[in-house]
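Report on the structure
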Amino acid sequence: MAKRHAAPTIGVLAVQGDFAEHVRMLDALGVATREVRLPEDLVGLDGLILPGGESTAMRTLLHRWDLVKPIKALAKRGAPILGTCAGAIILATRIADGDEPVLSLLNVEVRRNAFGRQLESFETNLTMEGLGANGRSRTIRAVFIRAPEIVKVGPSARAVAALDDGRIVAARQGRIMGIAFHPEITGETGVHRWLVDEAIAARP
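Below is a summary of the structure that appears in this document. (Residues numbered from 1 in each chain as written. Predicted model: local features only at pLDDT ≥ 70, side-chain atom pairs only at ≥ 80, totals over all residues. Heavy atoms only, no water.)

What the rule picks out here adds up to 2 aromatic pairs. Relative to Phe181, the ring of Phe144 lies with its centre 5.7 Å away and its plane at 55°, an arrangement referred to as tilted. Of this pair, Phe144 sits in strand S8 (residues 138–144) while Phe181 sits in the loop between strand S12 (176–179) and helix H6 (183–186), and the two are 37 residues apart along the sequence. As far as burial versus exposure is concerned, Phe144 and Phe181 are alike and both buried. An aromatic cluster of at least three residues, connected via ring pairs, comprises Phe122, Phe144 and Phe181. (Phe/Tyr/Trp six-rings, centres within 6.5 Å; stacked < 30°, edge-to-face > 60°. Helix = DSSP H or I, 4+ residues; strand = E, 2+ residues; numbered from the N terminus. Buried < 20%, exposed > 50% of the residue type's maximum accessible area, 1.4 Å probe, protein only.)

Right, here's the structure in full:
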């Protein structure tokens, strides 16, 4: 029982993108972290974050360093995985732009750069399901930077956050979650706390 409630070790994919910001967020929560660049870095992890960045470069590096299969194996074991911005694209089962999916762990279709260029970045409040006490909804602050949109959610997943105009920006399938925004920029800890709680719950 003590092992189940001990702080988990969360990996952050560190082949490209803003992984350092996620590491700092987890450090602030008192969680052990590990930067993931090679398959052996995934051994013993309790959860994983796929950060924002450039999804095409991330795709190339995931294949180059043979990380696709071991990340899928981590998910199959029940470890939670969080994909932010480009990370959500990497998780999706379908990419509207026509690219082949990478991990296919989250039953959604995404469209890249759906909110425009970096100059059109914006910040807003979102009501997000499952982050509050006892799984209730909670309002968080979210930053969107060249963000993808979740244009379709398949039957095995569900939308957990949307903008006021109805566009879906977060979806969850079991312990897999993809979000279009960057909580690590605002210092919003709710999503990271969700990942840590799920990692603890997933332990045998």
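For the rest of this paragraph, the subject is empty space enclosed by the protein. Inspection of the entire model under this criterion finds 1 cavity of 30 Å³ or more. The computed volume of the largest cavity comes to approximately 30 Å³. Lining the largest cavity are Ser55, Thr56, Arg59, Ile89, Ile90, Ile95, Asp99, Val102 and Arg112. Only helix H3 (55–64) and helix H5 (86–91) provide two or more residues apiece to the lining of the largest cavity. Tallying contributions element by element places H3 first for the lining of the largest cavity, with 3 residues. Residues belonging to the lining of the largest cavity are distributed by class as follows: 4 nonpolar, 2 polar and 3 charged. (1 Å grid on protein atoms, 1.4 Å probe; cavity = no way out; pocket = protein on both sides within 12 Å on 5 of 7 lines; lining within 4 Å. Points joined across faces, edges and corners; volume = space filled by probe spheres on them. Nonpolar A, V, L, I, M, F, W, Y, C, P; charged D, E, K, R; others polar.)

This part covers the layout of surface pockets. Within this model, the largest pocket holds a volume of roughly 310 Å³. Lining the largest pocket are 19 residues, and of these Gly53, Glu54, Cys85, Ile145 and Arg146 lie nearest its centre. Elements represented by at least two residues in the lining of the largest pocket include exactly H3 and H5. Across the lining of the largest pocket, the residue classes tally to 7 nonpolar, 7 polar and 5 charged.

A word on the side chain of Ser55. Relative to the elements of secondary structure, Ser55 occurs in helix H3. With sequence-adjacent residues up to four places away left out, Ser55 is seen in contact with Ala86, Ile89, Ile90 and Arg112. (Contact = heavy atoms within 4.5 Å.)

Within the fold, Val153 resides in strand S9 (residues 149–153). On a C-alpha basis, the gap between Val153 and Ala75 in space is 19 Å, while along the polypeptide they are 78 residues apart. The contact partners of Val153, leaving out residues within four places of it in the chain, are Asn107, Val108, Arg158, Ala159 and Ile168.

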